[in-house]
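Architecture and fold: a report
Here is what each chain is made of, one letter per residue.
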Amino acid sequence: MTRLLLSALLIVAISSCSQAETPACSAEDNTVLCGASPSAPGATPVILNRSAERSPDQMPMGWMRSTPYEQKPHVASAAGVGDNARVMIVSFDGLRPDAINADIAPTLQSLIDGGSYNPAGLAEIPAVTLPNHSSMVTGLSILDHGVLVNASIEGRIQHTTIFDVAKEHGVSAGFFVNKGKLGYLCAEGEADVRRITGDVDDIANECANAIRENDLRLIFLHFGEPDGAGHSQGWMSEPYLAQVTRADAALARVLDAMAERDVRKDTLLIITADHGGHDKTHGFPIPVDQHVPFILNGPGIAAGRTLTEPVHPMDVAATALTRLGLPATSARDGRDVVEARDDYSPDDTPMEDPMLLFGSLCGPVPWLFLTATLVGTRRVNRRRRARQGRSNLRSEAPNHQ
Ligand SMILES: [Zn+2]
């Protein structure tokens, strides 16, 4: 109870701080600044690097993490894992799950229908662009990677990324993004093909051409829309939905290029967003800002399955590395989303938690939503660890036949 009280108090503090920042994004300059207020000219961005200073069990506020510190087991025996596997991660900047349907986003809807889907993925808080994309490519929570600012930062991120792991193991990678600040996540030379351009159609063409001309096994593709239209015209407005449709069509062209090369059937698609939004902004600890779509589609993935276990941006890195048969130890806050596998057999222990349901009903009261979500996620993770422990014991038990 004391812990819960402390949690609530700290969350109120974080919530107040976040709201005071007035998250905003310039529609004209969406390649540079979006979300939380940029640092003043000449100021040094705030980049925390706590994990480099402390061992995990020394980390403060460990209760806030949505996943445990210890390294997760990674299963490498599922279908489509290993040398022939390919992964494409696609991030639609600012895409809300309720903007997806067969009329507005037919490509995404067909991938949902043919794959596994969680319509309430949980973006890290603050729900803004650079911090959440940092989690996607490192597999670290915001508290661990420490990238709190949402502005262009010199240099490169101070943690191992999926591109580092891919390069180390000779896996060819492509990096295609619409916003210049995301270049911080993959410096020049860290991917075999690296393109940054501000237009959705241009970046899709760059990606499609690279797929035709190179044998890329890991692709990270980012569409800057519908975030831009959300800031200029409002989330869920007609112009916003039109940009969802435009980015959806751009993705279809990239998938066509994969099909031409006959690699689509080997490719796991992980499609998500960095945040949602409301009115003309985002970054607040409320469901419409924090909930993002999380789609998995490809070999070994169940069709038509709705995922019920919590998913986070860190799971993108863990799932991608696991699928490629690469070490996922650097993505220690993420989990391979095994619930999406077609050979997944759920334990009898239910993973849903009443606190998560309660949290989803508390949108109008941000601190209550946050508290319930964090408490519910911790309880689910505790049960999941217990289940994993039982599973390990069973697999390690001697055979007495
Ligand atoms: Zn934005």
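Remember, it's a predicted structure, so these values are computed and weren't measured experimentally. Within every chain, residues take consecutive numbers counted from 1 along the sequence as written. Confidence filtering applies because this is a predicted model: local features only for residues at pLDDT of at least 70, side-chain atom pairs given and counted only at 80 or more, and all residues used for totals across whole chains, interfaces and linings.

1. A look at the overall build of the protein
The test is simple: Each helix corresponds to a stretch of at least 4 residues labelled H or I by DSSP, and each strand to a stretch of at least 2 residues labelled E; elements are numbered beginning at the N terminus. Neighbour counting defines burial: a residue surrounded by 20 or more other C-beta atoms within 10 Å of its own C-beta is buried, one with 12 or fewer is exposed, and intermediate counts give partly exposed, using backbone-placed C-beta atoms. For the purpose of contact definition, each residue receives a C-beta atom placed from its backbone, and two residues are in contact when these atoms lie within 7 Å.
Along the protein, the regular secondary structure elements total 13 helices and 10 strands. Every one of the 401 residues in the protein was classed for burial, and the buried ones make up 50%. Sequence separation of 24 or more characterises 73% of the internal contacts of the protein that already satisfy a separation of 6 or more.

2. Focus: the confidence of the model for the protein
Close inspection of predicted coordinates is inappropriate in any region flagged by low pLDDT. Let me state the cut-off plainly: Scored from 0 to 100, pLDDT records how confident the predictor is in each individual residue.
Taken as a whole, the protein shows an average pLDDT of 80; of its residues, 73% reach a score of 70 or greater. In this model, residues 1-77 is a region of pLDDT below 50 whose contacts with residues beyond four sequence positions or in other chains number 124 contacts. Below pLDDT 50 for its whole length, residues 394-401 participates in zero contacts with residues either more than four positions away or in separate chains.

3. Focus: the sheet that holds strand β3 (residues 86-92)
Formally: DSSP-based pairing: two strands are paired if at least 2 bridges between them are found. Here an axis means a line fitted to C-alpha atoms, over the contact stretch when the element is a helix, while the angle between two N-to-C directions is reported on a 0 to 180 degree scale.
Spatial ordering of the open sheet is given by β6-β5-β7-β3-β8-β9-β4-β10, a layout of eight strands whose pairing is mixed. Edge positions in the open sheet fall to β6 (193-196) and β10 (305-306), since each of these has one partner strand only. With six bridges joining them, β3 and strand β7 (residues 218-223) adopt parallel strand pairing. In the strand pairing of β7, Ile89 is matched with Phe220. Its contacts with the sheet place helix α3 (residues 106-113) against β4 (116-122), β8 (267-272) and β9 (291-297), and it is angled at close to 65 degrees to β9. Against the sheet, helix α11 (residues 314-323) makes contact with β3, β7 and β8, and its axis sits at roughly 175 degrees relative to β8, the strand it touches most.

4. Let's talk about the packing of helix α4 (residues 129-138) against α11
Note the following rule: In this scheme, roughly parallel covers angles under 35 degrees and roughly antiparallel covers those over 145, while 65 to 115 is roughly perpendicular and the rest are oblique. It is the rotation of the near helix from the far one that decides the hand of a crossing: anticlockwise by less than a right angle makes it left-handed, clockwise makes it right-handed. Each residue is assigned to one of three groups, with Ala, Val, Leu, Ile, Met, Phe, Trp, Tyr, Cys and Pro labelled nonpolar, Asp, Glu, Lys and Arg labelled charged, and all others, Gly among them, labelled polar.
Where α4 contacts α11, the two axes come as close as 5 Å, and the packing angle between them is 20 degrees. For the element pair α4 / α11, the angle class is roughly parallel. Note that α4 runs across α11; the crossing there is right-handed. On α11, the residues touching Ser135, Met136, Val137 and Thr138 of α4 are Met314, Val316 and Ala317. Taken together, the residues of the contact of α4 with α11 break down into five nonpolar, two polar and no charged.

5. Some remarks on the pairing of β9
Summarising burial for β9: seven of the seven residues are buried, a large majority. With burial as the criterion, each face of β9 is covered, one bearing His291, Pro293, Ile295 and Asn297 and the other bearing Val292, Phe294 and Leu296. Bridge count between β4 and β9: five bridges; the pairing is antiparallel. Following the sheet pairing, Ser116 is matched in β9 by Leu296. Pairing of β8 with β9 involves four bridges; the strand directions are antiparallel. Bridge pairing in β9 links Leu269 to Asn297.

6. Things to note about α3
This is how the line gets drawn: What the arc covers is the set of directions going from the helix axis to the C-beta atoms.
Taken together, the buried positions of α3 are occupied by Thr107, Leu108, Leu111 and Ile112. Angular distribution of buried residues about the axis of α3 spans 135 degrees; they occupy a single face of the element. Where α3 is buried, its residues meet β4, α9 (238-260), β8 and β9.

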